[in-house]
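A closer look at the structure
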Amino acid sequence: MDLNYKAFGQGEPIIILHGLFGTLDNWQTVGKQLAEHYSVFLIDQRNHGRSPHTDKIDYPSMAQDLYQFMETQWVYKAYIMGHSMGGKTAMQFALNHPDMVEKLIVVDIAPKAYKGGHQDIFDALTSLDLEKIESRSEADEILKAQIEDTGIRQFLLKNLTRNKEGGYQWKMNLPILVQDYPKLLAEPHAETPFEKPSLFIRGGKSEYILEEDTVLIHELFPEASIKTVPEAGHWVHAEAPDHLMKLVTEFLKT
C-alpha cells in the first residue's frame, strides 16, 4: 500500500491520521506548526485523498497500512495522532504494535462501536451526478438541499476534483466507504491494553466521547489522560487549533 503523504520538519517523528471523508490537507496547519520541533508525516489513509483505492476499508487494514508506511520510511517508533476514524486507526495500531508507538494522541473518538450518523451525507454524495456538474459552486448548491451546514459541505467538497477529460470525480472511494461503513463504526480489537502515555482530546460540544466512555478508555489505555476543549465540536483541529496545539505540545514534551 503506497500511501500518499506529506512530510515536514526535523526531529522525532509524529504521524497524523485524518478522519472519515478527510485528507491529509485537513491537518496541514497543525502539521506545519508541529514541524518546528518534530518530523511530521501527514498521511492520506486508504480510499481517501490521493492514496490508493482498495476493495475494503477497516481498522486492521489501515493499521497494517500504517505499519508498512513506517517500515518504508525507516521509522520504527513515532508519536501517533489520529482524529475520529484516524483516531481509531491510531488506537488499533497502538494496540497491535505498542513497541512502535512512543505516545498516542486520539482526537474526539472513543474505542467503542458507534451507531452511525453519516447516512444523510452518504445519500447526498451518492445522489450527486458528477457527469452533469459544471462547477464546485453548482455541487454546493445541490448538496445544500440535504446538508444545511456550510462548513460540512465545504469540508466534503474538498474531495471533489476535476477530471482531465472534463467533469468531476471524488478523490475518496465513495462506493467502498458506503459498503464498509459498518466496519468504520466498529470498536478497535485488543488482546492486551496499550500501557504507554495516551492523550484523548474531546470537543466540549461533541458527543463522540461521553462521560461513561472514560471507563473503557482507561481499560484499554490505562495511562490515558482525557482533556476537553470546551469551545470545539467534533472538528477540534479546525474549530480550536490553538487550544489543540497547546494540549498536544504539552503532552509531547512531558
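Above this text is the structure in question.
Quick look at the structure, then.

Parameters at a glance
- Along each chain, the written sequence defines residue order, and numbers are assigned to residues from 1.
- In keeping with the model being predicted, local features are shown solely for residues with a pLDDT of at least 70 and side-chain atom pairs are shown and tallied solely at 80 or more, while totals for entire chains, interfaces and linings include all residues.
- Values reported for side chains reflect all heavy atoms of the structure, with hydrogen atoms and water molecules removed beforehand.
- Every helix listed is a DSSP run of H or I at least four residues long, and every strand listed is a run of E at least two residues long, numbered separately from the N terminus.
- Values of the radius of gyration come from C-alpha atoms, whereas the globule rule sets the reference at 2.2 Å times the count of residues to the power 0.38.
- Note on exposure labels: buried denotes an accessible area under 20% of the residue type's maximum, exposed denotes more than 50%, and partly exposed covers the range between, all computed with a 1.4 Å probe on protein chains only.
- Residues are treated as being in contact if the distance between any of their heavy atoms lies within 4.5 Å.
- His residues and chain termini do not enter the charge count, which takes Lys and Arg as positive and Asp and Glu as negative.
- For this purpose, a charge sits on NZ of Lys, CZ of Arg, CG of Asp or CD of Glu.
- A pair of aromatic rings is counted whenever rings of Phe, Tyr or Trp (Trp by its six-membered ring) have centres within 6.5 Å, and the orientation is called stacked for planes under 30 degrees apart, edge-to-face for over 60 and tilted otherwise.
- Two thresholds decide whether a charge sits over a ring: the Lys NZ or Arg CZ must be within 6 Å of the ring centre and within 35 degrees of the ring normal.
- Only the contacting stretch of a helix is used when fitting its axis, a line to C-alpha atoms as for every element, and angles between N-to-C directions run 0 to 180 degrees.
- Here is the rule for angles: anything less than 35 degrees is roughly parallel, anything more than 145 is roughly antiparallel, 65 through 115 is roughly perpendicular, and the remaining ranges are oblique.
- Definitions for this section: a left-handed crossing has its near helix turned counterclockwise from the far helix by less than a right angle. A right-handed crossing has that turn clockwise.
- What makes a salt bridge here is a side-chain nitrogen of Lys or Arg within 4 Å of a carboxyl oxygen of Asp or Glu, nothing more.
- At least two DSSP bridges between two strands are needed for those strands to be called paired.
- Between the first and last residue of a helix there are one fewer steps than residues, each counted as 1.5 Å, and that sum is the expected span.

Here's the deal with the overall build of the protein chain
The number of helices and strands found in the protein chain is 11 helices and 9 strands. Its C-alpha radius of gyration of 18 Å places the protein chain within 12% of the 18 Å reference for a compact globule of 254 residues. Expressed along its principal axes, the backbone C-alpha trace of the protein chain runs to roughly 50 × 40 × 35 Å. The 254 residues of the protein chain split such that 54% are buried. Considering only contacts in the protein chain between residues 6 or more positions apart, those separated by 24 or more positions represent 73%. Distance between charge centres in the protein chain, computed from 25 positive and 37 negative side chains, equals 4 Å.

Focus: the packing of aromatic side chains
Scanning all chains against the criterion turns up 11 aromatic pairs. Each ring, one from Y5 and one from F41, has its centre 6.3 Å from the other, and the planes form 45 degrees; the classification is tilted. With a gap of 36 residues between them, Y5 in strand β1 (residues 5–8) and F41 in strand β3 (residues 39–43) connect regions that are remote in the sequence. In this arrangement the basic side chain of K103 is found over the ring face of F251, its NZ or CZ atom lying 5.0 Å from the centre. Residue placement shows K112 over the ring face of Y114; its charged tip is 5.0 Å from the ring centre.

Observations concerning the packing of helix α2 (residues 59–72) against helix α3 (residues 85–96)
Two numbers describe how α2 lies on α3: the axes approach to 8 Å, and their chain directions differ by 70 degrees. Classed by the angle they form, the pair α2 and α3 counts as roughly perpendicular. Crossing of α2 over α3 shows right-handed handedness. Contacts from Y59, P60, M62, A63, L66, Y67 and M70 in α2 reach M85, K88, T89, Q92, F93 and N96 in α3.

Observations regarding the environment of W170
Structurally, the position occupied by W170 is in strand β7 (residues 168–170). Each C-alpha atom, one on W170 and one on N159, is 5.5 Å from the other, the two residues being 11 residues apart in sequence. When neighbours within four sequence positions are excluded, W170 is seen to be in contact with L125, L128, L130, L156, N159 and L160.

Digging into the environment of E134
Its place among the elements puts E134 in the loop between α4 (119–127) and α5 (136–144). Taking relative accessible area as the criterion, E134 reaches 63% and is therefore assigned exposed. E134 sits 40 residues away from A94 along the chain, and the two C-alpha atoms are 44 Å apart. Sequence-distant contacts of E134, that is, excluding residues within four places in its chain, are made with R162 and Y168.

Description of the pattern of salt bridges
Counting across every chain of the model gives 9 salt bridges. Ionic pairing is found between E141 and K144, a salt bridge with its closest N-O pair at 3.5 Å. Of the two residues, E141 and K144 are both situated in helix α5; the distance of 3 residues between them amounts to about one turn of the helix. K144 gets classed as partly exposed once you look at its relative accessible area, which sits at 37%.

Considering the sheet that holds strand β5 (residues 101–107)
Either a parallel or an antiparallel arrangement is found when strands of a sheet pair, and the pairing is made through backbone hydrogen bonds. Strand order in this open sheet of 7 strands is β1-β3-β2-β4-β5-β8-β9, and the pairing throughout is mixed. A strand with exactly one partner marks an edge of an open sheet, and here the two such strands are β1 and β9 (224–229). Averaged over neighbouring strand pairs, the angle between their axes works out to 15 degrees when direction is ignored. Pairing geometry for strand β4 (residues 78–83) and β5, over 5 bridges, is parallel. Paired with H83 across the strands is V107, a residue of β5. The sheet strands contacting α3 are β2 (13–17), β4, β5 and β8 (198–203), and the helix crosses β4 at an angle near 145 degrees. Relative to β9, helix α9 (residues 213–220) is tilted by about 145 degrees, and along the sheet it contacts β8 and β9.

Quick look at α3
Taking 1.5 Å as the rise per residue, α3 with 12 residues should run 16 Å; its terminal C-alpha atoms sit 17 Å apart, in good agreement. Along α3, the residues classified as buried are M85, G86, G87, K88, T89, A90, M91, Q92, F93, A94 and L95.

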